[in-house]
Structures are given as structure tokens and as C-alpha cells.
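Here is how the chains run, residue by residue.
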Amino acid sequence: MSTDLKTATKLAVPGKSGRRKLTYPWILLIIAGALVAVSVLRAVTGTADLTSTGQFGAALSAAVPIGLAGLGGLWSERAGVVNIGLEGMMMLGSFAAGWIGWQHGPWAAALAGVIGGALGGLIHAIATVTFGVDHIVSGVAVNILALGATQYLATLWFGQEGSAAMLAGGNDKQSPPMPDMPSFTVPGLSDWLNSVEGHHWFLVSDLAGILGAAVTNVSWLTLLTIGLFVGTFYVLWRSSFGLRLRSCGEAPVSAESLGVNVYSYKYAAVLVSGALAGLGGAFLSIGVHFYQDGQTGGRGYIGLATMIFGNWRPGGVAMGAGLFGFMDAMQLRSGGPTVHALLLGLAALLAVIALLKLRAAKRTQAALSALAAAVLIGWYFLAETVPLELVEASPYIATLLVLALSAQRLRPPKANGRPYRRGQGT
């Protein structure tokens, strides 16, 4: 059966475009080049925080909830169910974590977040898989229902006059505080990397700053998230279960003809999707020690963008989450000076793109890229910082730019979002 499923799935995939496949040596070479480029940018601009342990530690923390939401979207859409309800599932997860966390601690909060998000996923699965509701309509409905439910329950459970929650510090906008989630630091190695970073040596100190973020005050939930990304790759691309699930998103009629219970796999995928998004919401609550109204802040939608940018692959989602987490942390930590330094880096990137487009005889695109690079260089030298409004919007601007630049190479699952009823192929 597995061989037949592989054949059916391949038939649903368009032919190769002739582009060179990225192998691991090429990926490592790209990472090394990016590190050198960032080191040069740090040395030229004098912005030490660009590669500091604090910057990358904050970026890692900011990337986790976004990455979990994107990973949740990947599970759902690989099975053919569009899930724009990730934001609502994150809300349910953050609220459940706040509700349980102040009473039973952070680990119980994480579990409650998973259950809360899975509940949102179950609602979405019942609507789309069982009743055939349009996936976009159902996702919007989940977001609206989650927002209303969490606000109402917060008033009822946390803000009721004289209740135990209010006496413990809760109100109608937030839960009482919960204990800290344990974190780990590698003794010795962390201090040594911090010392090397302090010398500001070219490339060496930059690498030490980045590695230091991976061994200094790292949450156990961050390690769990890394494990979930690795596990997702092996489950979806290295197991018969994953092959059947992905076939439901590529050719559900063919999969059904080979004995796959398409409904069951779609339900499983959407439930896992909601659970992962809920864990992302729980991470937000645990990180600040309480649930707060509006806590997700659109991260579910950014997670959806990382999934698209990552071309529905775990590695791509991780890269996208890292990028958006870096931008989010940067605007919170260092603000204007670091964003100002990135103008020069973006100008250099656009100049490289202009040369590549010119080599490919795409003169119009090359001219536009060169013009944009010139504008950014002029902006960098004529201004010492950037407006606060631009700093605050930088994560969302990065989202739009990345999606615009990557749109031409995307290939979603072929049957993603299409209505499917059991037996329709007979």
C-alpha cells in the first residue's frame, strides 16, 4: 500500500521546475555566508547588539510561539485543511495555561495550553471535515469565538469580586501570576562564550554571541519545541503514517481508493495543529507568568506566514520563525539603532539581487532592486536612526517582504482547502 500511496502522491505533484535542490552542504554554506555578512554589518555599523547573546536569546524566545503556530499550520494543511484559526487556538492555549498555571504550576499550564488549543482544532475539524464548511469561514469563526470566549471567561473566573483568583492578583484582563518555568544554563561554556563575545573579535565574537544564546537561560519549552520540529519531519516524511496524511492533502480520492480513512487523518492533523498552536499560546503565558487579554498579538497570523514562507516544510518554518523572532526581539531590545543598521544590510542584499536579476536578463527587476538599494543607502547615511513607528512595525514589514520575495517558488499541497466528501471518487 505504501508504494501505491507514494505513486499517487507523486502524480499529484507538479513536475520539477529545473531548479537546483538545496543539499545540506549548500545549506551550511548559506548559513556561513549569512554569519559572515552579519559580522561585517556589525563591524561596519558598530551595532554590537546585533549579534549579542541577549539579542539572540530574546529572538529564540520570540520565535518559539511563532514557530509552534507555523508548525501547527503545516500539520493541518499537509492534510488538506486550511487553518487560519491558529490565532484563536493560540488564544485558547494562553488562556487555559493562565487558568491552570496559577493553581498548579507551569508544567500543568503547558499541558492545559495543549488541550485548549486542541479544543479549538476539534471545532475547526468538525466544521470543515464533517460538515464541509468553507475552511476560511471556519477559521475566522474560530478566531472570533476564541476571542469572545476568553474575554468572557477571564471576567467570570479571574475578575469576579471576592474570588480566590482576584485575591491572588487576577482581574478581568489577566490571570493571577504563576511560578517560573525552569530554565537551564551550561555551566562554564556559557561564561566562556560570554567572555569571547565581550572582545568583539570579527566573526569569532559574533559566533560566540549566537552560540551563547543556545546555552544560557534556555527554557525547557524551547528544547521541547526543537524536538517537535525534528519529530514532525520524521513523522510526516519518514513514516507510513506521514505518507498517508500527506496523501490526504495531495490526492484524497486516490488515497481513499487505496484504503486510507481520509476523514480520520484530517481530524488527527487538525487536532495536532490546534495542540501545537495552543502550546505556543501557553509559552506566551508561561513566559510572563500570567495570561493577559490580547497576549497573542497576531502571532498566529505570523505563524501562518512562516508556514507559507517555509513552503510547508518544517525547516522552512523554523527559518521563518527565527527571522520574525529576531525582528520582534530587535524592536523590543535595541529599537532604532539596530533597525537603522539593518538598512545597510538590506541595501546590500538588494544590490546582490539586482546583480542576479541582471545576469538573468531581467533588467526591469534589476533596475528596481538597484534603485531600492540606493534609496536605503541614502537613508542610512542621511539619518542617524529610524522613526519609532517603523521600529514597532518592523516584524510585520519583514513578514510582507519575505512573502513577496518567496511567492514564486511556493507549492502548497495540491488539494489544500478543497472540499472533500467520502466516496466522491466512485
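Only a predicted model underlies this, so the values are computations on that prediction, with no experimental measurement involved.

**Some thoughts on the pattern of salt bridges**
Alright, step 1. Summed over the entire model, instances satisfying the criterion amount to 5 salt bridges.
Alright, step 2. Here Asp293 makes a salt bridge to Lys173, at a shortest N to O gap of 3.7 Å. In this pair, Asp293 is assigned in the loop between α13 (262-288) and α14 (299-309) and Lys173 in the loop between α7 (164-167) and β1 (183-184), connecting sequence segments 120 residues apart.
Alright, step 3. By relative accessible area, Asp293 is classed as partly exposed at 26%.
Alright, step 4. Residue Lys173 is classed as partly exposed on the basis of its relative accessible area, which comes to 47%.
Alright, step 5. One salt bridge in this structure joins Glu250 and Arg411, with 2.6 Å as the shortest N-O distance. Here Glu250 is found in helix α11 (residues 240-250), whereas its partner Arg411 is found in the segment after α18 (388-406), with 161 residues between them in sequence.
Alright, step 6. Exposure remark for Glu250: the relative accessible area of 5% places this residue in the buried category.
Alright, step 7. A relative accessible area of 24% means that Arg411 is categorised as partly exposed.
Alright, step 8. Through salt bridges with shared partners, a single ionic network connects Arg78, Glu250 and Arg411.

**Some remarks on the environment of Val40**
Alright, step 1. As for its position among the elements, Val40 is in helix α2 (residues 24-45).
Alright, step 2. In sequence terms Val40 and Leu203 are 163 residues apart; their C-alpha atoms lie 8.0 Å from each other.

**Describing α13**
Alright, step 1. Across its 27 residues, α13 extends 40 Å between first and last C-alpha, which sits within 8% of the 39 Å expected from 1.5 Å per residue.
Alright, step 2. Among the 27 residues in α13, 20 count as buried, and that is most of the element.
Alright, step 3. One or two steps after α13, the chain reaches His289, where phi turns positive at roughly 80 degrees.

**Points about the nonpolar core**
Side chains of nonpolar character tend, in soluble globular proteins, to be buried together.
Alright, step 1. Judged by nonpolar contacts, the single largest core of 46 residues is most densely connected at Leu74, Trp75, Leu221, Leu236, Leu245, Ile286 and Met307.
Alright, step 2. The set of elements that each furnish at least two residues to this core consists of α3 (53-78), α4 (86-104), α5 (106-130), α10 (220-237), α11, α13 and α14.
Alright, step 3. The biggest single contributor to this core is α13, with 12 residues.
Alright, step 4. Ignoring any residue separated from it by four or fewer positions in sequence, one finds Leu221 in contact with Trp107, Ala110, Met181, Leu279, Phe283 and Ile286.
Alright, step 5. Core analysis: the next-biggest nonpolar cluster, separate from the first, contains 23 residues, Phe326, Ala329, Leu376 and Tyr380 among them.

**Quick word on empty space enclosed by the protein**
Alright, step 1. Within this structure, the stated rule accounts for 1 cavity of 30 Å³ or more.
Alright, step 2. Within this model, the largest cavity holds a volume of roughly 50 Å³.
Alright, step 3. Around the largest cavity sit Arg42, Ala48, Thr51, Ser52, Glu197, His200, Ser205 and Asp206, which together line it.

**Some points on the packing of α10 against α11**
Alright, step 1. Relative orientation of the contacting elements α10 and α11 amounts to 75 degrees, with a least axis distance of 5 Å. Overall, the two elements α10 and α11 adopt an arrangement that is roughly perpendicular. Between α10, through Val235, Leu236 and Trp237, and α11, the contact on the second element is made entirely by Phe241, Gly242, Leu243, Leu245 and Arg246.
Alright, step 2. Classifying every residue of the contact of α10 with α11 by side-chain character gives 6 nonpolar, 1 polar and 1 charged.

**Side note on the layout of surface pockets**
Alright, step 1. The volume enclosed by the second largest pocket comes to roughly 700 Å³.
Alright, step 2. Every residue lining the second largest pocket is counted, 30 residues in all, and those nearest its centre are Ala58, Ser61, Ala62, Phe283 and Gly287.
Alright, step 3. Listed by contribution, the elements that provide at least two residues to the lining of the second largest pocket are α3, β2 (218-219), α10, α13 and α15 (314-333).
Alright, step 4. For the lining of the second largest pocket, the leading source of residues is α3, giving 7 residues.
Alright, step 5. For the lining of the second largest pocket, the residue count by class is 14 nonpolar, 12 polar and 4 charged.

**A short note on the environment of Gly249**
Alright, step 1. By the secondary structure assignment, Gly249 is in helix α11.
Alright, step 2. Overall, the relative accessible area of 0% leaves Gly249 in the buried class.
Alright, step 3. When the C-alpha positions of Gly249 and Val262 are compared, they lie 9.3 Å apart, and in sequence the two are 13 residues distant.
Alright, step 4. Once you skip the residues sitting within four places of it in the chain, Gly249 turns out to touch Arg78, Ala79, Gly80, Pro413, Lys414, Ala415 and Asn416.

**So, helix α9 (residues 204-213)**
An α-helical turn contains 3.6 residues, so a residue and the one three or four places further along point in the same direction.
Alright, step 1. Turning to α9, its buried residues are Ser205, Asp206, Ala208, Gly209, Gly212 and Ala213. Looking straight down α9, one finds that the buried residues subtend no more than 160 degrees of arc, so they occupy a single side.

**What about the confidence of the model for the chain?**
Alright, step 1. Predicted confidence across the chain gives a mean pLDDT of 86, with 91% of residues reaching 70 or more.
Alright, step 2. In this model residues 11-18 is a low-confidence stretch, pLDDT under 50, and it forms 6 contacts with partners more than four residues away in sequence or in other chains.

**Quick notes on the environment of Ala383**
Alright, step 1. Tracing the sequence through the fold places Ala383 in the loop between α17 (363-382) and α18.
Alright, step 2. On the basis of relative accessibility, which here comes to 21%, the residue Ala383 falls in the partly exposed class.
Alright, step 3. Expressed as a C-alpha distance, the spacing of Ala383 and His340, which sit 43 residues apart in the sequence, is 8.4 Å.

So, how was this worked out
- Residues numbered from 1 in each chain as written.
- Predicted model: local features only at pLDDT ≥ 70, side-chain atom pairs only at ≥ 80, totals over all residues.
- Heavy atoms only, no water.
- Salt bridge = Lys/Arg side-chain N within 4 Å of Asp/Glu carboxyl O.
- Helix = DSSP H or I, 4+ residues; strand = E, 2+ residues; numbered from the N terminus.
- Buried < 20%, exposed > 50% of the residue type's maximum accessible area, 1.4 Å probe, protein only.
- Expected span 1.5 Å × (residues − 1).
- Core = buried A, V, L, I, M, F, W, Y, C linked by side-chain atoms within 4.5 Å.
- Contact = heavy atoms within 4.5 Å.
- 1 Å grid on protein atoms, 1.4 Å probe; cavity = no way out; pocket = protein on both sides within 12 Å on 5 of 7 lines; lining within 4 Å.
- Points joined across faces, edges and corners; volume = space filled by probe spheres on them.
- Axes fitted to C-alpha atoms, helices over the stretch in contact; angles between N-to-C directions.
- Parallel < 35°, antiparallel > 145°, perpendicular 65-115°, else oblique.
- Nonpolar A, V, L, I, M, F, W, Y, C, P; charged D, E, K, R; others polar.
- Arc of directions from axis to C-beta.
- pLDDT = per-residue confidence, 0-100.

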